[in-house]
Amino acid sequence: MKNKKLLLLSFLILTTLAQAQQIRWTKDGNAYTRTEGGEVVAYTLPTQQKTTLITKAQLTPKGAEKPLNVRSYTLSNDDSKALIYTNTKQVWRYDTRGDYWVLDLKTNALYQLGQGKPASSLMFAKFSPDGSKVAYVSEHNLFVEDLATKKIKALTTNGTRRMINGTFDWVYEEEFACRDGFRWSPDGKSIAYWQIDATKIRDFLMINNTDSIYSYNVPVEYPKVGESPSPYKILVANIATGKTLQMSIDGDPQQTYVPRMEWVPNTNDIIIQQLNRKQNQSKIIICQAFTGKTKTISTESDEAWIDTKERWADEQEGWEWLKGGKEFLWVSEKDGWRHIYKMDLNGKETLLTKGNYDIVHIPLIDEANGYVYFTGSPQNALQNYLFRIKLDGSAEMQPVLPNAPSGTHNYVLSPNGKFARHSFSSANIAPMTEWITLADHSPLNEKESIVSKLANLKINKRVEFFKVKTEDGIDIEGWMVKPVNFDSTKRYPIVFNVYGEPAAATVKDSYGTGMNGLYNGDMAKDGYIYASVDNRGTPLPRGRAWRKAIYRKIGVVNIRDQAMAVKEIRKWKYVDTTRVAVHGWSGGGSSTLNLLFQYPQFYQTGISVAAVGNQLCYDNIYQERYMGLPQENREDFVNGSPITYAKNLVGNLLYIHGTGDDNVHYQNAEMLVNELIKHNRQFQFMPYPNRSHGIYEGEGTRKHLNTLFTNYLKQNCPPGGR
């Protein structure tokens, strides 16, 4: 139910993040490469001297008029070849299939991989460690192609839409961020891969009524909450013989998950993380690739749930290795805070980050200099700063930039720990970026110095942060944007943006906060107070207790926290208590419905988009992680679902949903509509034909949605002070 498509961030910050993601460091960390003007270029630091690595001419296939459009690229370990990804197509949310070409940088020979396979069908192609082969997935099977002979070898042949080799089914991708499902062994002689058996998962049938005269079904293998997961196998294929061996992993594969798997460096062993179905027990298991035997080296349990790597890293793939594979870093909340531990292959642990604070993200392990870098904000959970700590645990954490400007700091660090791309923003300051030397946090170019820019910047404090204590004794943080020419003697309508579930927080001191991408115009100029508060259960770095208070109580704890905060805010003299509105998307849409239905005395108007109206209709990995199994505590799912309280609607409701939503199915909307009809509750409903969870496909869609949102809000919660 993640709020992936909601436009909470401005174009500027999205552009900044995209630029950071484009950076690919060279192995020595003294330069970075990226695509630019249709070519691949390199910038050497600290001088920023630019050289062209791959030209348009090199990217132009023989007989073609135009060069390949480079979506992404990788270089072989010896930098002699480039793997070019192009002509991409979406697989649900991401363009993870396309065409791959290999460019020999010595001879300029360019040829396409997977000859004879359907266009745009290759996925996750990657060089073998010695650069002599490339492995990839096509049509749910795993292949290896020899670059010298051009011979293609199938490592699997049983792949179908339901028998998935080397990649994942819908729910693994959506809820574990698992996409690339195979790994080369360190010696290049074997490949370990996932096989997901979705044959036992029922299809959810979406109906496409718009693309032909006769409608047709769009099937998605979608395990609803309460349904057993797709069973998995971890298999190792020998490249030379083609023989495959299954790892003997304890536990029922239809009642457990394996969200992470990698080779242990310099060995023939594989390391995996296994979660039980409730995701409240995690095991780290070593598998012998040649025998299939396994050994559990660590077991962790939580009364609620255990987060996977996507919470604290950019990519789910990869393990944080030290000492050539003898130790690794691990992140856990076992002491009440999200901390970094060092673990050896026998499971012996050393706590590195000690104290009552959460780490947020790990951008670099600088083993050569003995540090691990992480972001967090012990003093203000709405902000983000860079820290480092000794890998031997011998010292307290150190801020990399003492007295850093207040706000959100993000970094892309070079592998050698010498340089970084530093980005900064706050709720009232647009994103700024600079290149720095990390040791002294000094800009490489004084003209782009963030400190200098801030010294000369006139800041418009448009967004104000506040705290309220609810009658339950909960400290709630929030932000608001007051109307232009605000008059404290007048009363203004207040509009709340809500999410409220464990997948996202709305109250952050970063750019984009206070903006509403669904509103046509300027809410402040039109006379609205725009606001948001974050309840317990949202993923703020406020400790395990804050985040996991919502366990088995989504739709109850988060909704009461929101409502009780609003109850306090309604006491402010300049808030018009007859004009209080709330809106949200996905999980925020669910929260909007629950607030409107459960606390009608506090809200007059709600606009809900793509909401889960019935928690029993959502997928198993997300809903069971946070709510348990409906076979054991079905009442919690019922008590947290908006449909249970629909009969209480007395205010104005605009409900919006895409009929082609593969994530939160349109089924939710029809169930909710039926319940509202049953109780003669009047509302406005807008289905968007064949649109997905983001409701963006089709000409004029977003303009129509924004117009609908804006007009409904103005009509039912009129702007302006009174």
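Values in this document were obtained by computation on a predicted structure and should not be read as measured data.

Rules and cut-offs
Residue indices begin from 1 for each chain and proceed along its sequence in written order. Totals for whole chains, interfaces and linings use all residues, but because this is a predicted model, local features are given only for residues with pLDDT of at least 70 and pairs of side-chain atoms are given and counted only at 80 or more. With hydrogens and water stripped out, all remaining heavy atoms of the structure feed into the side-chain values. We define a salt bridge as a contact between a side-chain nitrogen of Lys or Arg and a carboxyl oxygen of Asp or Glu at a distance within 4 Å. A helix here means a DSSP run of H or I that spans at least four residues, while a strand means a run of E at least two residues long, and both kinds are numbered starting from the N terminus. Only protein chains enter the accessibility calculation, which uses a 1.4 Å probe; a residue whose area is less than 20% of its type maximum is buried, one above 50% is exposed, and one in between is partly exposed. Two strands form a pair only when DSSP identifies at least two bridges running between them. Values of pLDDT, ranging from 0 to 100, describe the predictor's confidence in every residue of the model. The contact criterion used is simple: two residues touch if any of their non-hydrogen atoms lie within 4.5 Å. Residues adjacent in sequence count toward polar contacts only when both atoms are side-chain atoms; beyond that, a polar contact is any pair of N or O atoms within 3.5 Å, and within protein one must be able to donate a hydrogen and the other to accept it. Two cysteine sulfurs form a disulfide in these notes if their separation is within 2.5 Å. Stacked, tilted and edge-to-face pairs are distinguished by plane angle, under 30 degrees for stacked and over 60 for edge-to-face with tilted covering the rest, among Phe, Tyr and Trp rings (Trp via its six-membered ring) whose centres lie within 6.5 Å. As a reminder, the over-ring test applies to NZ of lysine and CZ of arginine, requiring each to be within 6 Å of the ring centre and within 35 degrees of the ring normal. UniProt positions are given in the numbering used here, feature names are shortened, and annotations may be inferred rather than shown by experiment. To estimate how far a helix should extend, the number of its residues minus one is multiplied by 1.5 Å. In the cavity and pocket records, a cavity denotes points on a 1 Å grid over the protein atoms alone where a 1.4 Å probe fits but cannot get out, a pocket denotes an open set with protein on both sides within 12 Å along at least 5 of 7 lines, and lining residues are residues with an atom within 4 Å of a point. Grid points are joined across faces, edges and corners, and a volume is the space filled by probe spheres set on the points. When residue character is reported, Ala, Val, Leu, Ile, Met, Phe, Trp, Tyr, Cys and Pro are called nonpolar, Asp, Glu, Lys and Arg charged, and the others, Gly included, polar. What makes a nonpolar core is a set of buried Ala, Val, Leu, Ile, Met, Phe, Trp, Tyr and Cys residues whose side-chain atoms join them at distances within 4.5 Å. Crossovers are described as right-handed under a simple rule: with the strands pointing away from the observer, the path leading from the first strand over the helix to the second runs clockwise.

Considering all chains together, one arrives at 38 salt bridges under this definition. When the shortest N-O distance is used, the salt bridge between Glu464 and Lys482 registers 3.6 Å. Taken as a pair, Glu464 in strand 36 (residues 463-469) and Lys482 in the loop between strand 37 (475-481) and strand 38 (492-497) lie far apart in primary sequence, 18 residues in all. The class of Glu464 is partly exposed, set by a relative accessible area of 31%. Where Lys469 meets Asp475, a salt bridge forms, and the shortest distance between an N and an O atom there is 2.8 Å. Salt bridges sharing common partners tie together Asp302, Glu333, Arg338, Asp358, Arg544, Arg547 and Lys548.

Turning next to the sheet that holds strand 2 (residues 31-36). Backbone-to-backbone hydrogen bonds pair the strands of a sheet. The strands run either parallel or antiparallel. Read from one edge of the open sheet, 4 strands run 1-2-3-4, paired in antiparallel fashion. Edge positions in the sheet fall to strand 1 (24-25) and strand 4 (49-54), since each of these pairs with one other strand and no more. Bridging between strand 1 and strand 2 involves 2 bridges; their strand directions are antiparallel. Looking at the pairing, Arg24 lines up with Thr33 of strand 2.

This next bit is on the sheet that holds strand 27 (residues 349-351). If you walk across this open sheet you meet the 4 strands as 24-25-26-27, and the pairing is antiparallel. The sheet is open, and its two borders are formed by strand 24 (321-322) and strand 27, each paired with just one other strand. Pairing analysis gives 3 bridges linking strand 26 (residues 339-344) to strand 27, with the strands arranged antiparallel. Looking across to strand 27, one finds that Met343 is bridged to Glu349.

So, about unusual backbone geometry. The omega torsion of the bond from Leu45 to Pro46 falls at 10°, within 30 degrees of zero and hence cis. Structurally, the position occupied by Pro46 is in the loop between strand 3 (39-44) and strand 4. The phi dihedral of Asp79 is positive, around 60°, even though this residue is not glycine. For Asp79, the position within the fold is in the loop between strand 5 (72-75) and strand 6 (81-91).

For the rest of this paragraph, the subject is the confidence of the model for the protein chain. Overall, the predicted model of the protein chain reaches an average pLDDT of 95, with 97% of residues at or above 70. Across residues 2-21 the pLDDT falls below 50, and counting only partners more than four positions away or on other chains, this stretch makes 41 contacts in the model.

So, about the side chain of Asn633. Within the element layout of this structure, Asn633 appears in helix 9 (residues 630-639). Overall, the relative accessible area of 2% leaves Asn633 in the buried class. Within the structure, Asn633 has its side chain in polar contact with the backbone oxygen of Met627 (distance 2.8 Å). Ignoring anything within four residues of it in the chain, the contact list for Asn633 reads Arg552, Met627 and Gly628.

A word on the state of the cysteines. One pass over the structure, following the stated rule, counts 0 disulfides. Cys178 provides the cysteine sulfur closest to Cys287, a residue in no disulfide bond, and the two sulfurs are 15 Å apart. On the basis of relative accessibility, which here comes to 0%, the residue Cys287 falls in the buried class.

Inspection of the entire model under this criterion finds 33 aromatic pairs. With a centroid separation of 5.1 Å and an interplanar angle of 85°, the aromatic rings of Phe466 and Trp572 are classed as edge-to-face. Here Phe466 is found in strand 36, whereas its partner Trp572 is found in the loop between helix 6 (557-569) and strand 41 (575-585), with 106 residues between them in sequence. Overall, the relative accessible area of 12% leaves Phe466 in the buried class. One aromatic cluster is present, built from ring pairs that chain together Phe168, Tyr172, Phe176, Trp194 and Tyr257. One cation-aromatic arrangement involves Arg388 over Tyr371; the distance from NZ or CZ to the ring centre is 3.8 Å. Across from the ring centre of Trp546, 3.7 Å away, lies the NZ or CZ of Arg542, which sits over that ring.

A few words now on the environment of Val507. Note that Val507 resides in the loop between strand 38 and strand 39 (511-514). The sequence separation of Val507 and Thr55 amounts to 452 residues, and the corresponding C-alpha distance is 44 Å.

What follows covers the UniProt feature "domain: Dipeptidylpeptidase IV N-terminal" (unreviewed entry) in the protein chain. Within this numbering scheme, the UniProt entry marks residues 76-429 as carrying the feature "domain: Dipeptidylpeptidase IV N-terminal" (unreviewed entry). Within residues 76-429, the helical portion is 2% and the strand portion 47%, while the C-alpha atoms at the span's ends are 40 Å from each other.

On to helix 7 (residues 587-598), then. Its 12 residues give helix 7 an end-to-end C-alpha distance of 16 Å, which sits within 8% of 16 Å, the value for a rise of 1.5 Å per residue. Counting buried positions along helix 7 gives 11 out of 12 residues, so the element sits mostly inside the fold. Looking at the buried side of helix 7, the elements it contacts are helix 6, strand 41, strand 42 (605-609), strand 43 (652-658) and helix 10 (667-678).

Okay, the layout of surface pockets next. Gaps left between atoms show up when a probe the size of a water molecule is rolled over them. Estimated volume of the second largest pocket: approximately 550 Å³. Lining the second largest pocket are 22 residues, with Val91, Trp92, Arg97, His140 and Arg161 positioned closest to its centre. Along the lines of polarity and charge, the residues of the lining of the second largest pocket split into 9 nonpolar, 6 polar and 7 charged.

Ranked by internal contacts, the top residues of the largest apolar core, which has 71 residues, are Phe597, Tyr603, Ile656 and Leu713. When residues in this core are grouped by element, the largest group, 6 residues, is from helix 6. Those residues in contact with Ile656 that lie beyond four places of it in its chain are Ile607, Ser608, Val609, Ala610, Met686, Tyr688, Ile695, Leu705 and Leu708. Core analysis: the second largest hydrophobic core is formed by 47 residues, Tyr222, Val236, Ile272 and Ala289 among them.

The element strand 42 is largely enclosed, with a buried count of 5 among its 5 residues. Note on the crossover from strand 41 through helix 7 to strand 42: the handedness is right-handed. Judged from the 5 bridges that link them, strand 42 and strand 43 form a sheet pairing that is parallel. What sits directly across from Ser608, in strand 43, is Tyr655.

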